[in-house]
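This is what each chain is made of:
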Amino acid sequence: MDLQPHKKIQTTIKTVLDGDTVILRYNGQEFSSRARWIDAPETKKWGQSSEDPRILKHWDWAEKSKAFLLNLAAGSQILTIIPVQIDQYNRWVCDWYLGTEVKLATNIQVQLCAAGMSANSLPFQHYHFSASRDLSLYVGILRKCADACKKRVGFWMEPDFILPYEFKKLIL
């Protein structure tokens, strides 16, 4: 896939894999994309099982996060993305926007955080912003996650919820 970092393109969603990863279509081709700076709950993988209520609750919120993203995407035929880089899983890490306008109000990462369907996953002390839009998005994600946590929205309402970065450390 010949995408250029930091150059916005308009795509369509083929498949929502989970709350922060989708398969997109662009110019007749498909590619995997991961939302930048957020981390949604982890979906249950094939062969995983548990009777631990905290793990079951995490998997339940993973499905809710995926459904929330599906509902957001259903309202827009076009998804504007700004590719940033390819990650270790060969996914394009991107900023996602509903429709054609690139603004905080249409940013999907911000909306997922505001709804308590995703936590911030921001690089610790990594402050290289290639555009002023990056700083606004960075702050918007932090603010919406903090607001959702304070208001106990989404998975933040769960008193003992395992955050995605902690969940990934578990051996299941």
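Quick caveat: nothing in here was measured; it's all calculated off a predicted structure.

Chemist: Tell me about the sheet that holds strand 2 (residues 21-26), and name the residues and values.
Modeler: Spatially, five strands are ordered 1-2-3-6-5 in a closed barrel, and the strand pairing comes out mixed. When the angles between neighbouring strand axes are averaged without regard to direction, this sheet yields 50°. Running at roughly 150° to strand 1 (residues 9-18), helix 1 (residues 53-74) makes contact with strand 1, strand 2 and strand 6 (92-98) of the sheet. On the sheet, helix 3 (residues 132-151) packs against strand 5 (79-86) and strand 6 and is oriented at approximately 80° with respect to strand 6.

Chemist: Residues and numbers for helix 3, please.
Modeler: In this model helix 3 runs 29 Å from its N-terminal to its C-terminal C-alpha over 20 residues, within 8% of the 28 Å that 1.5 Å per residue would give. Among all positions of helix 3, only Arg133, Asp134, Leu137, Tyr138, Gly140, Ile141, Cys145 and Ala148 are buried. End-on view of helix 3: buried residues confined to an arc of 165°, all on one side of the axis. Exposed side of helix 3, more than 90 degrees from the buried face: Ser132, Arg143, Lys150 and Lys151 are the residues found there. Looking at the residues trailing helix 3, positive phi occurs at arginine 152, about 60°.

Chemist: How would you explain the nonpolar core if you had to name every residue and give the values?
Modeler: Formed by 37 residues in total, the largest nonpolar core has its most connected members in Leu69, Ile81, Trp96, Ile108, Ile141 and Phe155. Secondary structure elements with two or more residues in this core: strand 1, strand 2, strand 3 (29-35), helix 1, strand 5, strand 6, helix 2 (108-114) and helix 3.

Chemist: Lay out the layout of surface pockets with the relevant residues and their values.
Modeler: Estimates place the volume of the largest pocket at around 630 Å³. As for the largest pocket, its lining consists of 24 residues, and the residues nearest its centre are Arg34, Trp37, Gln85, Val93 and Ser121. Elements with a minimum of two residues in the lining of the largest pocket: strand 3 and strand 5. Of the residues in the lining of the largest pocket, the class split is seven nonpolar, eight polar and nine charged.

Chemist: Quick one: what's the story with the packing of aromatic side chains, residue by residue and with numbers?
Modeler: This model, assessed by the stated rule, comprises four aromatic pairs. Ring centres of phenylalanine 155 and tryptophan 156 lie 5.1 Å apart, and the angle between their planes is 45°; on these two criteria the pair is classed as tilted. For the pair formed by phenylalanine 155 and tryptophan 156, the shared burial category is buried. Cluster of aromatic residues (ring-pair linked, three or more members): Phe155, Trp156 and Phe161. Across the ring face of tryptophan 37, the terminal group of arginine 36 is positioned such that the distance to the ring centre comes to 3.8 Å. Over the ring of tryptophan 61 we find lysine 64, and its NZ or CZ is 4.1 Å from the ring centre.

The rules behind these values
- Per-chain numbering applies: the sequence of each chain, read as written, is numbered from 1 onward.
- Only residues with pLDDT of at least 70 are given local features in this predicted model, and only at 80 or more are side-chain atom pairs given and counted; all residues enter the totals for whole chains, interfaces and linings.
- As a rule here, side-chain values cover all heavy atoms of the structure and leave hydrogens and water aside.
- Should DSSP find at least two bridges between two strands, the strands are regarded as paired.
- Secondary structure elements are taken from DSSP: a helix is a run of H or I of four residues or more, a strand is a run of E of two residues or more, and numbering for both begins at the N terminus.
- Here the axes come from fitting lines to C-alpha atoms, over the contacting stretch only for helices, and the angles between their N-to-C directions go from 0 to 180 degrees.
- Residue contacts are defined here by distance: any two heavy atoms, one from each residue, within 4.5 Å place the two residues in contact.
- Given the number of residues in a helix, its expected span is that number minus one, multiplied by 1.5 Å.
- Three exposure classes are used, based on accessible area relative to the maximum for each residue type with a 1.4 Å probe and protein chains only: buried under 20%, partly exposed in between, and exposed over 50%.
- This arc is built from the directions going out from the helix axis to the C-beta atoms.
- We call a set of buried Ala, Val, Leu, Ile, Met, Phe, Trp, Tyr and Cys residues a nonpolar core when their side-chain atoms join them within 4.5 Å.
- The distinction between a cavity and a pocket rests on a 1 Å grid over the protein atoms alone: a 1.4 Å probe fits inside a cavity but cannot get out, while a pocket stays open yet meets protein on both sides within 12 Å along at least five of seven lines, and a residue with an atom within 4 Å of a point counts as lining.
- Grid points are joined across faces, edges and corners, and a volume is the space filled by probe spheres set on the points.
- For this scheme, ten residues count as nonpolar: Ala, Val, Leu, Ile, Met, Phe, Trp, Tyr, Cys and Pro. Four count as charged, namely Asp, Glu, Lys and Arg, and the remainder, Gly too, count as polar.
- Note on aromatic contacts: the rings of Phe and Tyr and the six-membered ring of Trp form a pair at centre separations within 6.5 Å, being stacked when their planes are under 30 degrees apart, edge-to-face when over 60 apart, and tilted otherwise.
- Each ring is checked for a lysine NZ or an arginine CZ that lies within 6 Å of its centre and within 35 degrees of its normal; such an atom marks a charge sitting over the ring.

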